[in-house]
Amino acid sequence: MTTAIVKLLESNNVLLNINAESAVDVITKLGNELFKTGYVKETFVGAANAREKKMPTGLPLLGGINAAIPHTDIEHVLKPGLAIATLKNDVIFQNMAIPEEKVAVRLVFLLALEQPKAQIEMLQEIAKVLQNPDVINKMINAKNYNEVIKALEGGSY
Amino acid sequence: MNVPKRILVACGTGIATSTVVAKAIEEALKERGIDVITRQCKAVEVRSLVDQADLIVTTTQLPSNLGVPVIHTLAFLTGIGKEDAIEQIVEALQKKN
């Protein structure tokens, strides 16, 4: 079960099969939604983009569909939450471990985080999702918010 | 009684990735009967905290010559190579004895 993610994930903050040109473009689109829904301050998008450039979050995954988990410092966040995008085409992020390396990403989790311990459940659930190609596949193929939730809840954790 | 080893877990912001990694390390080592104390930090804080650590596990690039072993891995996030990473940690901690 991915209860913590599902609790924090509003339908407005799920963008499916979107066109995006770059990592900056995805982070900006998702960040704007988190701002509109009251999770983050105006400064969040700029801060998340700056941080992604300096310390990227692209993650090569087991099933070959790769993800990124952009986030930034807690001072830009109003309350914990997240936004998810699935991308129509690959968008290039840089690899978290090896920033010189490119990762072609199709799934993005933009995280609005406060104190670390408070979001431990959500973060652990995201790691479980990242480690489960079946759930990732279902999310990529989801046509609406409910299918995303079903994919998240359907993982055999 | 063994004194628990101290692992410094570093990532970019010190809040997201290192939280998951620290917890996963604690659980994996507990299963093997090894107690550790983890502390999370930002990559830029490593230099000032390294004196209090026996080992560093990081998801992001760190300066070299920190004076303690550094394991650079995404395994605790992505699951890829997780068993290897655990082995490396156990080995590095055993050498410290």
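Thresholds applied
The written sequence of each chain sets the order in which its residues are numbered from 1. As they are written, the chains are lettered A onward and the ligands numbered 1 onward, keeping that order. Reporting in this predicted model follows two pLDDT cut-offs: at least 70 for local features of residues, and 80 or more for side-chain atom pairs to be given and counted; totals over whole chains, interfaces and linings ignore these cut-offs and use all residues. Helix and strand assignments follow DSSP, with helices taken as H or I runs no shorter than four residues and strands as E runs no shorter than two, numbered in order from the N terminus. Atoms counted for the radius of gyration: C-alpha only. Globule rule: 2.2 Å times residue count to the power 0.38. Any residue with 12 or fewer other C-beta atoms within 10 Å of its own C-beta is exposed, any with 20 or more is buried, and the rest are partly exposed; the C-beta atoms used are placed from the backbone. Contacts here follow a simple rule: the backbone-placed C-beta atoms of the two residues must lie within 7 Å. By the convention used here, strands pair only if DSSP detects at least 2 bridges between them. Fitted lines through C-alpha atoms serve as axes, helices being fitted only where they are in contact, and the angles separating the N-to-C directions of these axes extend from 0 to 180 degrees. Confidence scores labelled pLDDT are given residue by residue by the predictor and lie between 0 and 100. Amino acids outside the nonpolar list (Ala, Val, Leu, Ile, Met, Phe, Trp, Tyr, Cys, Pro) and the charged list (Asp, Glu, Lys, Arg) are all regarded as polar, and Gly is one of them.

1. Observations regarding the overall build of chain A
Within chain A one finds six helices and five strands. Starting at the N terminus and ending at the C terminus, chain A contains elements arranged as α-β-α-α-β-β-β-β-α-α-α. In terms of C-alpha radius of gyration, chain A reaches 14 Å, essentially the compact-globule figure of 15 Å for 157 residues. Taken along its principal axes, the extent of the C-alpha atoms in chain A is 35 × 35 × 30 Å. Across the 157 residues in chain A, those meeting the buried criterion constitute 48%. A separation threshold of at least 6 residues defines the contact pool for chain A, and within that pool the share at least 24 residues apart is 70%.

2. Considering the sheet that holds strand β2 (residues 58-59) of chain A
Residues and elements named next belong to chain A. Ordered by their spatial adjacency, five strands build an open sheet running β1-β4-β5-β3-β2, and the pairing between neighbours is mixed. The sheet is open, and its two borders are formed by β1 (14-18) and β2, each paired with just one other strand. Examined bridge by bridge, strand β3 (residues 66-68) and strand β5 (residues 102-112) share three bridges and lie parallel to one another. Within β5, the residue paired with N66 across the bridge is V105. Contacts from helix α2 (residues 23-36) reach β1, β4 (81-94) and β5, with the element oriented near 165° to β4. Each of β4 and β5 touches helix α5 (residues 133-141); the most contacted strand, β5, lies at about 85° to it.

3. A word on unusual backbone geometry
With a phi close to 55°, A:N17 is a non-glycine residue in the positive phi region. Turning to its location among the elements, A:N17 is positioned in strand β1. A positive phi angle is found at B:N65, which is not glycine, with a value near 55°. In this fold, B:N65 is placed in the loop between β3 (55-58) and β4 (70-72).

4. Quick word on the confidence of the model for chain B
Here chain B averages 93 in pLDDT, while 98% of its residues score no lower than 70. The ipTM assigned to the predicted complex is 0.90, against a pTM of 0.94.

5. Observations concerning the interface of chain B and chain A
Taken residue by residue, the interface counts 17 residues in chain B and 23 residues in chain A. When contributions to the side of chain B that touches chain A are tallied by element, the ones reaching two or more residues are α1 (17-31) and α3 (75-78) of chain B. The element best represented in the side of chain B that touches chain A is α1(B), accounting for three residues. Residue composition of the side of chain B that touches chain A, grouped by class: six nonpolar, ten polar and one charged.

6. Quick look at the environment of A:A48
Residues and elements named next belong to chain A. By the secondary structure assignment, A48 is in helix α3 (residues 44-54). Note on A48: 26 C-beta atoms within 10 Å, which makes it buried. Distance from A48 to I18, taken between C-alpha atoms, is 19 Å for residues 30 residues apart in sequence. Not counting residues up to four positions away in its chain, the partners in contact with A48 are I27, G31, P70, H71, T72 and L110.

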